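Remarks on the overall topology
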Amino acid sequence: MTFTFRRQLTVALENEPGRLAGISGLLADAGLAIEGLCVVDNIDKGVVRIISSDADECRRLLTDQGHCVVESEVLAVSVPNERG
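Being a predicted model, the structure only gives us computed values, none of them experimental. (Residues numbered from 1 in each chain as written. Predicted model: local features only at pLDDT ≥ 70, side-chain atom pairs only at ≥ 80, totals over all residues. Heavy atoms only, no water.)

The predicted coordinates ought not to be read in detail in places where the model reports low pLDDT. Summing up the model confidence of the chain, the mean pLDDT is 94 and the portion of residues at 70 or higher is 100%. Ranking the helices and strands of the chain by mean pLDDT puts helix α2 (residues 55–64) first, with 97, and strand β2 (residues 34–41) last, with 93. (pLDDT = per-residue confidence, 0-100. Helix = DSSP H or I, 4+ residues; strand = E, 2+ residues; numbered from the N terminus.)

As structure tokens, this is what we get:
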């Protein structure tokens, strides 16, 4: 098991079809990988937390698209994929 600190970016998205696909495609087109993703939704908005392969570029892309991006440092834990 390994522990590292990573930069997590948080954005709010309208809870509408295609909004998450839109930012996922934006990152993919720029060659960025989504290494961690968490989505919490409610009726009209969703909060998306992303850990990407390049936090600076991800932040720039999302900001250029008009998203308000909040950045925080999180502890990432890598665990083996095995039973038990």
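Anyway, onward from the coordinates.
What follows is about the sheet that holds strand β1 (residues 2–14). On the basis of which strands lie adjacent, the open sheet formed by 4 strands has the order β2-β3-β1-β4 and antiparallel pairing. The open sheet has two edge strands, β2 and β4 (70–78), and neither has a second partner. Between one strand axis and the next, the sheet turns by 30° as a mean value, whatever way the strands run. Note: β1 against strand β3 (residues 45–52), 6 bridges, orientation antiparallel. Opposite A12, over in β3, you have V47 as the bridge partner. Sheet strands touched by helix α1 (residues 19–29): β1, β2 and β3. Its angle to β1, the strand with the most contacts, is close to 130°. Most of the contacts of α2 go to β1, to which it runs at about 5°, and overall it touches β1, β3 and β4. (Pairing = 2+ DSSP bridges. Axes fitted to C-alpha atoms, helices over the stretch in contact; angles between N-to-C directions. Contact = heavy atoms within 4.5 Å.)

The next thing to look at is a nonpolar patch on the surface. A cluster of nonpolar side chains, M1, F3, F5, L75, V77 and V79, forms an exposed patch at the surface whose accessible area comes to about 680 Å². Elements that contribute at least two residues to the nonpolar patch include exactly β1 and β4. Relative to the helices and strands, L75 resides in strand β4. (Patch = residues over 30% accessible without salt bridge, like charges linked within 9 Å, V, L, I, M, F, W, Y side chains within 5 Å. Areas by Shrake-Rupley, 256 points an atom, 1.4 Å probe, with all protein chains shown as cover. Salt bridge = Lys/Arg side-chain N within 4 Å of Asp/Glu carboxyl O.)

Looking now at the pairing of β2. In this sheet, β3 lies alongside β2 in antiparallel orientation, the contact comprising 7 bridges. When the bridges of β3 are listed, C38 appears paired with R49. Taking the residues between adjacent antiparallel strands as the criterion, β2 and β3 are bridged by 3 residues.

Right, let's get into the pattern of salt bridges. Evaluated as defined, the whole model comprises 8 salt bridges. Notably, a salt bridge pairs R6 with E35, separated by 2.6 Å at the nearest N-O pair. Pair noted here: R6 is in strand β1 and E35 is in strand β2, with a separation of 29 residues, a long-range link. For E35, a relative accessible area of 47% puts it in the partly exposed group. A salt bridge links R60 to E57, with the shortest nitrogen-to-oxygen separation between them at 2.6 Å. (Buried < 20%, exposed > 50% of the residue type's maximum accessible area, 1.4 Å probe, protein only.)

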